[in-house]
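Residue-level listing of the chains:
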Amino acid sequence: MIINHPLLGPRDASEFTYLGDAALIERPDWQSETAQDEFHDYVYLRDNPAGTHRELWFHEQGDRSWLVVTRNTMTHEILATELARDVARKMGRGK
Amino acid sequence: MRDFVAKTALGGIEPRKDVIGSLTLQERDDIALASISARLGQEEALKARLETVCSVVAPKPGRSEQGENRSLHWLGADQYLCEEALSGPLVLARRLVDELAGVASVTDQTDAFVRMDVSGQGVVDLLQRLTVLDVEQMLAGAFSRTAIHHVGCLLRCNEAGMAFSVYAPRSYAISVHHALVEVSKAL
């Protein structure tokens, strides 16, 4: 499998490690009134779609960037790759 | 205390040189390295400052740029590795700290990596067996981090198909050197 890195171009999937659902970027606010319930959902609940899935990949043997990879879990086709920091910034996370 | 002997990363007094068939492996102990990371919001300011202090443009992803005295390698988003001839312990890092004050953080990497130059006919065959990169397509100035025998190394192409530099973590110097030598012998 080849992952098209947004900065470095096509790179072998063996250079990457997989973390999981890209929803992990949306870490709840620990000071919220409902933090306990939100953290329960954040830690334990995942969608498991047969089809398009957004997930976090780490370019461990490359530039050590985190990517959000949109992948079809049935065909393994990779539909999009973005730098996770760009995704997080668009969501108002990070600086 | 005064009887300490300075040794190279591969354990010798002089840098090690191996000639295996048409290939030459040369350990380099005469270079200084320092990594540079842009401070938040100073990414563009750092690029401009680097052009002034290194006399070379900041490299694009996957590239290395050679200046007159210093070269810059792209390490990651807004991160670079600066290389120049070794003039003493921490000299490069301390100079860069002053030159890049306010726009970047600098870490000395001279003793973190060992550079090994690999050159000659067959160097592409050697590296194809050791990394997943498309080594045969790398042109002069191509630079990438990659795994060699499960060790995260840096690889630069100095001359397409003929000459490359491997930067191995110093703590893995002998293991990476062993891999290069053994695979060279088996070609």
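Please refer to the structure placed before this passage.
Report follows, based on the coordinates.

Parameters at a glance
- Residues numbered from 1 in each chain as written.
- Chains lettered and ligands numbered in written order.
- Predicted model: local features only at pLDDT ≥ 70, side-chain atom pairs only at ≥ 80, totals over all residues.
- Heavy atoms only, no water.
- Helix = DSSP H or I, 4+ residues; strand = E, 2+ residues; numbered from the N terminus.
- Buried < 20%, exposed > 50% of the residue type's maximum accessible area, 1.4 Å probe, protein only.
- Contact = heavy atoms within 4.5 Å.
- Phe/Tyr/Trp six-rings, centres within 6.5 Å; stacked < 30°, edge-to-face > 60°.
- Salt bridge = Lys/Arg side-chain N within 4 Å of Asp/Glu carboxyl O.
- Pairing = 2+ DSSP bridges.
- Disulfide = S-S within 2.5 Å.
- Buried area = accessible area lost by both parts, 1.4 Å probe.
- Polar contact = N/O pair within 3.5 Å; in protein donor to acceptor, adjacent residues only side chain to side chain.
- Nonpolar A, V, L, I, M, F, W, Y, C, P; charged D, E, K, R; others polar.
- Patch = residues over 30% accessible without salt bridge, like charges linked within 9 Å, V, L, I, M, F, W, Y side chains within 5 Å.
- Areas by Shrake-Rupley, 256 points an atom, 1.4 Å probe, with all protein chains shown as cover.
- Core = buried A, V, L, I, M, F, W, Y, C linked by side-chain atoms within 4.5 Å.

1. Topic: the overall build of chain A
- If you tally the helices and strands in chain A, you get two helices and six strands.
- The order of α-helices and β-strands along chain A, N terminus first, is β-β-β-α-β-β-β-α.
- Summarising its shape, the C-alpha atoms of chain A cover approximately 45 × 30 × 20 Å along the three principal directions.
- Expressed as a percentage of its 95 residues, the buried residues of chain A come to 39%.
- Taking the intrachain contacts of chain A between residues at least 6 apart in sequence as the baseline, contacts between residues at least 24 apart amount to 46%.

2. Points about the packing of aromatic side chains
Residues and elements named next belong to chain A.
- Scanning the entire structure with this criterion turns up four aromatic pairs over all chains.
- Judged by centre distance (6.0 Å) and plane angle (80 degrees), the rings of phenylalanine 39 and tyrosine 42 are edge-to-face. Pair noted here: phenylalanine 39 and tyrosine 42 are both in helix α1 (residues 35-44), with a separation of three residues, about one helical turn.

3. Details of the pattern of salt bridges
All names here are of chain B.
- Counted by the stated rule, this structure contains 18 salt bridges over all chains.
- One salt bridge in this structure joins aspartate 30 and arginine 28, with 2.9 Å as the shortest N-O distance.
- A relative accessible area of 36% means that aspartate 30 is categorised as partly exposed.
- Judged by its relative accessible area of 25%, arginine 28 falls in the partly exposed class.

4. Focus on the pairing of strand β6 (residues 79-85) of chain B
Residues and elements named next belong to chain B.
- Where burial is concerned, most of β6 is hidden: five out of the seven residues are buried.
- Here strand β3 (residues 31-38) pairs with β6 via seven bridges, running antiparallel. The residue bridging alanine 34 from the neighbouring strand is cysteine 82, located in β6.
- Sheet analysis places strand β5 (residues 70-76) next to β6, joined by six bridges and oriented antiparallel. Opposite serine 71, over in β6, you have glutamate 83 as the bridge partner.
- Linking β5 back to β6 in an antiparallel pair, the connection comprises two residues, with aspartate 78 at a positive phi of about 60 degrees.

5. Section: the state of the cysteines
Residues and elements named next belong to chain B.
- Going through the model one piece at a time under the given rule, you end up with zero disulfides over all chains.
- Of the cysteine sulfurs around cysteine 54, a residue in no disulfide, the closest is that of cysteine 82, at 4.2 Å.
- Relative accessible area serves as the criterion here: at 2%, cysteine 54 is assigned to the buried category.

6. Some points on the interface of chain B and chain A
- Taken together, the contacts link 16 residues of chain B with 14 residues of chain A.
- In this assembly, chain B packs against chain A so that about 1100 Å² is buried in total across both faces, 52% of it on carbon and sulfur atoms.
- The interface formed by chain B and chain A includes one salt bridge.
- At the boundary of chain B and chain A, one finds five residue pairs in polar contact (both at pLDDT 80 or more).
- Of all elements in the fold, only β5 and β9 (143-148) of chain B reach the threshold of two or more residues within the side of chain B that touches chain A.
- A breakdown of the residues in the side of chain B that touches chain A according to their chemical character gives eight nonpolar, six polar and two charged.

7. Some remarks on a nonpolar patch on the surface
- The grouping of Val43, Tyr44 and Leu45 of chain A at the surface amounts to a nonpolar patch, some 340 Å² of accessible area in total.
- By the element assignment, tyrosine 44 of chain A lies in helix α1.

8. Considerations on the nonpolar core
Residue and element names in this part refer to chain B.
- Counting residues in each nonpolar core, the largest one holds 31 residues, and the members touching the most others are Phe164, Val166, Val176 and Leu180.
- The set of elements that each furnish at least two residues to this core consists of β2 (23-28), β8 (113-119), α3 (123-128), β10 (151-159), β11 (163-169) and α4 (173-186).
- Here this core gets six residues from one element, more than from any other, and that element is α4.
- With residues up to four places along the chain from it excluded, the contact list for valine 176 reads Met116, Ile148, Val151, Cys153, Val166 and Ala168.

9. Some points on unusual backbone geometry
Residue and element names in this part refer to chain B.
- Residues other than glycine seldom take positive phi values, yet histidine 149 does so here, at roughly 50 degrees.
- Mapped onto the fold, histidine 149 is located in the loop between β9 and β10.
- The backbone phi angle of histidine 150 is positive, close to 70 degrees, even though this residue is not glycine.
- Structurally, the position occupied by histidine 150 is in the loop between β9 and β10.

10. Observations concerning the side chain of glutamate 15 of chain A
- Residue placement: glutamate 15 of chain A occurs in the loop between β2 (9-12) and β3 (17-21).
- Of the polar contacts made by the side chain of glutamate 15 of chain A, one reaches the side chain of histidine 59 of chain A; its length is 2.7 Å.
- Excluding anything up to four places from it in sequence, glutamate 15 of chain A contacts Phe58, His59, Glu60 and Gln61 of chain A together with Val132, Leu133 and Thr146 of chain B.

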